[in-house]
Amino acid sequence: MKISYRREFKHNYLIVDPEELYWQGYESQMLSRNSVEGTLRFQIRQMDDGVRFYYEITSKQPLARILANRNIRAEEIRKLVTGIFGVLERTEAYLLREGSILLDPQYLYVDPDTFRIWLCLIPGLNRVFPEDFGKLLEYLLGSVDHQDKESVVLAYGLYQETRKENYGLEDLGRLLRKEKKRDTEKAEGENEDRQGEKENDEERTQLRFSGDSKREPEGRQRNGCFNSKAEDAKAGSRKERKWKAKWNQWKGKLISASDKEEDSIPVRVPWEMMFRPEQEESGTQEEQATRFSRAEEKRLPEKEMPFAGQGTALLADFSESNEQRMLRALDPDGVDIHIAYYPFIIGKQANLVDFVLERDTVSRLHLRIDRDGEQYKIKDLNSTNGTLLCGRLLENNEEAQLNTGDEICISQYRYRFE
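Right, let's walk through the structure included here.

### Side note on the side chain of Asp132
Right, so step 1: Positionally, Asp132 belongs in helix α4 (residues 129-141).
Right, so step 2: Residue classification places Asp132 among the buried residues on the basis of a relative accessible area of 9%.
Right, so step 3: One polar contact links Asp132 to Arg127, side chain to side chain, over a distance of 3.0 Å.
Right, so step 4: The contacts of Asp132, once residues within four sequence positions are left out, are Leu103 and Arg127.

What follows is the structure, encoded as structure tokens:
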């Protein structure tokens, strides 16, 4: 099975060459005649050298590209998984096999804003869906922010379910509902706490400015109660003793910690060691997720570990020539684009690109510039209106060599690479 891309006027397509697939039959006819919600629009085209499957991907981005520059959040994981569940239910109604779904993050398309999904169903494809779904969750587990407890707990819990023998979608759905209920209860509890604090503040304000507060005897009114000066002094002495005890306890820990080795070498933990067999795991799901998060931090290379050594972190590399490149605007109303690092993405989606080009005809993720040694490359990121390099329109997802002095047209705005 070969996969390529093509641009036709204002439409971009992912093309599958089904030379090794048994595609002639019910699935091809059903997909070509029906639009199944949550799947890429499908059509069969007869070419001179055979048949091709065309999937429209205009204005859509693969999951792998979106998560290349940022982490996935808990709510986005829920939308992604529930979206896949919805597609499975609809394909079952059309008598389509789940094994025809391609769950590779490179070909699982999402909307960057809403995280709505579109799956690629390939007639004749014979995949094992439970295994592919487990690999997808493993990929998401490596893409979460390991400082975000909610995301880690949810991703880890879903992944653990897929490791169980003969797991079902009901198990994953039950876990999603459980986590969502827990988050809802937590949010409601926080709202109640804030409401309680607000009511207490209002009561204090009313008591402070009421006529009764002027008649309080020798004391101050606090939280609706009268405290004498003697009681205030006693409370102050208790608080002072309490803080002294905490200080002594903390000082003792500090002294004992100073006797230990200060320099430690970061440990690289293999992926397999982070997921022990179920019979060896103990503790609650949150404790297991916390252990995973700590182990994941140990997997990071030393240069990514904050304060891994006791030296000073290097913010920029001045050991070799680091000449900064730029895209010089050739239009009177244009703005020069300075390329400070690589890869460098240009588009209008503020949270996904490195330079925001606020133009209506520019796509959310329009193009990317990379550096490979002394060579530079430019890649169109499935943009709607396209990218021209020296007058030639790049195919969607096409990568080409970029030379100094080349003219680039982003939609209809001209730049020169310098």
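### Concerning the environment of Tyr13
Right, so step 1: By the element assignment, Tyr13 lies in strand β2 (residues 11-17).
Right, so step 2: Residues Tyr13 and Tyr54 lie 41 residues apart in sequence; the distance between their C-alpha atoms is 6.1 Å.
Right, so step 3: Among all residues touching Tyr13, those that are not within four sequence positions of it are Ser4, Tyr5, Arg6, Glu8, Gln43, Arg45, Tyr54, Tyr55, Glu56, Ile57 and Asn396.

### Here's the deal with the packing of aromatic side chains
One pair of aromatic rings is described through two measures. These are the centre distance and the angle between the planes.
Right, so step 1: Enumeration according to the criterion identifies eight aromatic pairs in this entry.
Right, so step 2: Each member of the aromatic cluster is reached from another via a ring pair, and the members are Phe42, Phe53 and Tyr55.
Right, so step 3: For Arg45, the ring lying beneath its charged end belongs to Tyr13, and the centroid distance is 5.1 Å.
Right, so step 4: The ring centre of Tyr54 lies 4.0 Å from the NZ or CZ of Arg45, which sits over that ring.

### Some words on the pattern of salt bridges
Right, so step 1: Overall, the coordinates contain 24 salt bridges when judged by the stated rule.
Right, so step 2: The partner of Arg7 in a salt bridge is Asp380, with the nearest N and O atoms 2.7 Å apart. One end of the pair, Arg7, is in strand β1 (residues 2-8); the other, Asp380, is in strand β17 (residues 375-380), and 373 residues separate them in sequence.
Right, so step 3: Given the relative accessible area of 10%, Arg7 is considered buried.
Right, so step 4: For the salt bridge of Arg371 with Glu374, the shortest nitrogen-to-oxygen distance reads 3.7 Å.
Right, so step 5: Judged by its relative accessible area of 29%, Arg371 falls in the partly exposed class.
Right, so step 6: The exposure class assigned to Glu374 is exposed, which follows from its relative accessible area of 66%.
Right, so step 7: Put simply, Arg328, Asp336, Arg416 and Glu418 are held in one network by salt bridges that share partners.

### Notes on the pairing of strand β12 (residues 325-329)
Right, so step 1: The buried fraction of β12 is high, at four of five residues.
Right, so step 2: With three bridges connecting them, β12 and strand β13 (residues 337-339) associate as antiparallel partners. Residue pairing in the sheet places Arg325 in a bridge with Ile339 of β13.
Right, so step 3: Note that β12 and strand β22 (residues 413-417) share three bridges and pair antiparallel. Each residue of the ladder has a partner; that of Leu327, found in β22, is Phe417.

### A short note on α4
Right, so step 1: Here α4 contains 13 residues, and its C-alpha end-to-end distance of 18 Å stays within 8% of the 18 Å for a straight helix at 1.5 Å per residue.
Right, so step 2: The set of residues buried in α4 consists of Phe129, Asp132, Phe133, Gly134, Leu136, Leu137, Leu140 and Leu141.

### Section: the nonpolar core
Right, so step 1: The biggest cluster of nonpolar side chains holds 63 residues, and the ones touching the most others in it are Ile84 and Phe133.
Right, so step 2: Considering every element that reaches this core, the biggest residue donor is helix α3 (residues 74-93), with eight residues.
Right, so step 3: If we skip the residues at most four places from it in the chain, Phe133 touches Val81, Ile84, Phe85, Leu103, Thr162, Tyr167 and Leu172.
Right, so step 4: Counting 21 residues, the second largest nonpolar core, distinct from the first, contains Ala329, Leu357, Leu394 and Tyr413.

### Some thoughts on the environment of Asn71
Right, so step 1: Locating Asn71 in the fold gives a position in the loop between α2 (63-66) and α3.
Right, so step 2: When the C-alpha positions of Asn71 and Gly142 are compared, they lie 9.0 Å apart, and in sequence the two are 71 residues distant.
Right, so step 3: The contacts of Asn71, once residues within four sequence positions are left out, are Glu76, Ser143, Val144 and Asp145.
Right, so step 4: Within the local environment of Asn71, its side chain forms a polar contact with the backbone oxygen of Ser143, the two atoms lying 3.3 Å apart.

Rules behind the numbers
- Residues numbered from 1 in each chain as written.
- Predicted model: local features only at pLDDT ≥ 70, side-chain atom pairs only at ≥ 80, totals over all residues.
- Heavy atoms only, no water.
- Helix = DSSP H or I, 4+ residues; strand = E, 2+ residues; numbered from the N terminus.
- Buried < 20%, exposed > 50% of the residue type's maximum accessible area, 1.4 Å probe, protein only.
- Polar contact = N/O pair within 3.5 Å; in protein donor to acceptor, adjacent residues only side chain to side chain.
- Contact = heavy atoms within 4.5 Å.
- Phe/Tyr/Trp six-rings, centres within 6.5 Å; stacked < 30°, edge-to-face > 60°.
- Lys NZ or Arg CZ within 6 Å of the ring centre and 35° of its normal.
- Salt bridge = Lys/Arg side-chain N within 4 Å of Asp/Glu carboxyl O.
- Pairing = 2+ DSSP bridges.
- Expected span 1.5 Å × (residues − 1).
- Core = buried A, V, L, I, M, F, W, Y, C linked by side-chain atoms within 4.5 Å.

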